[in-house]
Amino acid sequence: MANMKNPVKAIHAFCVDCMGGHESYIKTCTTETCPLHPFRMGKNPYLKREMSPEQIEEFRQRMKHYREVQEQKKLKENQYE
Ligand code: SF4
């Protein structure tokens, strides 16, 4: 669990420990009174966001642009090495 930066991933790792080190057993946890229960699968169920098809397309375009910018940055870094 060293160097874990994502709290939800840390909760997941804690749950793996709680289930005796068996990741596959987490699904079967029935302790719904545990405050970690909603996060045990390593995802935050409260962050679900519904997007319209237009918003999804806009998001895809933004991500595509972001990736292109990142690739250009890497290329520039490699030129100076
Ligand atoms: S939700 Fe709570 S009881 Fe269930 S595995 Fe995680 S820590 Fe253990």
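The shown structure was predicted, so the numbers you read here are calculated from the model rather than taken from an experiment.

Asks: Hey, could you go over the overall build of the protein for me, with residue numbers and the actual values?
Replies: Each helix and strand in the protein was counted, giving 2 helices and 0 strands. The C-alpha radius of gyration of the protein comes to 19 Å, more than 25% above the 12 Å expected for a compact globule of 81 residues. With respect to the principal axes defined by its C-alpha atoms, the protein has extents near 50 × 40 × 20 Å. Going through the 81 residues of the protein one by one, you find that 6% of them count as buried. Relative to all contacts within the protein whose residues are 6 or more apart in sequence, the contacts with residues 24 or more apart total 38%.

Asks: Can you tell me about the site of the ligand, naming the residues and giving the values?
Replies: Residues in close proximity to the ligand include Phe14, Cys15, Cys18, Met19, Ile26, Cys29, Thr31, Cys34, Leu36, His37 and Arg40, which together make up its full environment. Residue classes in the shell around the ligand are distributed as 8 nonpolar, 2 polar and 1 charged.

Asks: Kindly report on helix 2 (residues 53-79), identifying the contributing residues and their values.
Replies: Here helix 2 spans 39 Å end to end across 27 residues, near enough to the 39 Å set by a 1.5 Å rise per residue. Helix 2 sits mainly on the outside: 0 of its 27 residues count as buried.

Asks: Residues and numbers for the environment of Lys27, please.
Replies: Considering the arrangement of structural elements, one finds Lys27 in the loop between helix 1 (7-18) and helix 2. Along the chain, Lys27 and Arg40 lie 13 residues apart, while their C-alpha atoms are 8.1 Å from each other.

Asks: Give a description of helix 1 that names residues and reports values.
Replies: Here helix 1 spans 16 Å end to end across 12 residues, near enough to the 16 Å set by a 1.5 Å rise per residue. Inspection of helix 1 places Ile11, His12 and Cys15 among the buried residues, and these make up the whole buried set. Buried residues in helix 1, looked at end-on, bunch into an arc of 100 degrees, giving them a common side. Opposite its buried face, helix 1 presents the exposed residues Pro7 and Asp17, each directed more than 90 degrees away. Backbone geometry just after helix 1 places Gly20 at a positive phi near 70 degrees.

Thresholds, definitions, all that
- Residues take numbers from 1 onward in each chain, read along the sequence in its written order.
- Residue-level local features of this predicted model are given only where pLDDT is at least 70; pairs of side-chain atoms are given and counted only at 80 or more, and the full residue set underlies all totals for whole chains, interfaces and linings.
- Runs of E in the DSSP output that reach at least two residues are strands. Runs of H or I that reach at least four are helices, and both are numbered from the N terminus.
- The globule rule used for comparison is 2.2 Å times the number of residues to the exponent 0.38, while the radius of gyration itself is calculated over C-alpha atoms.
- Put plainly, a residue is buried at 20 or more neighbouring C-beta atoms within 10 Å of its own, exposed at 12 or fewer, and partly exposed in between, counting only other residues' C-beta atoms, which are placed from the backbone.
- A pair of residues counts as a contact when their C-beta atoms, built from backbone coordinates, are separated by no more than 7 Å.
- Each residue receives a C-beta atom placed from its backbone. It is near a molecule or strand if this atom lies within 6 Å of it.
- Classification used: nonpolar for Ala, Val, Leu, Ile, Met, Phe, Trp, Tyr, Cys and Pro, charged for Asp, Glu, Lys and Arg, polar for all others including Gly.
- One less than the number of residues in a helix, times 1.5 Å, gives the span that helix is expected to have.
- The directions considered for the arc run from the helix axis to the C-beta atoms.

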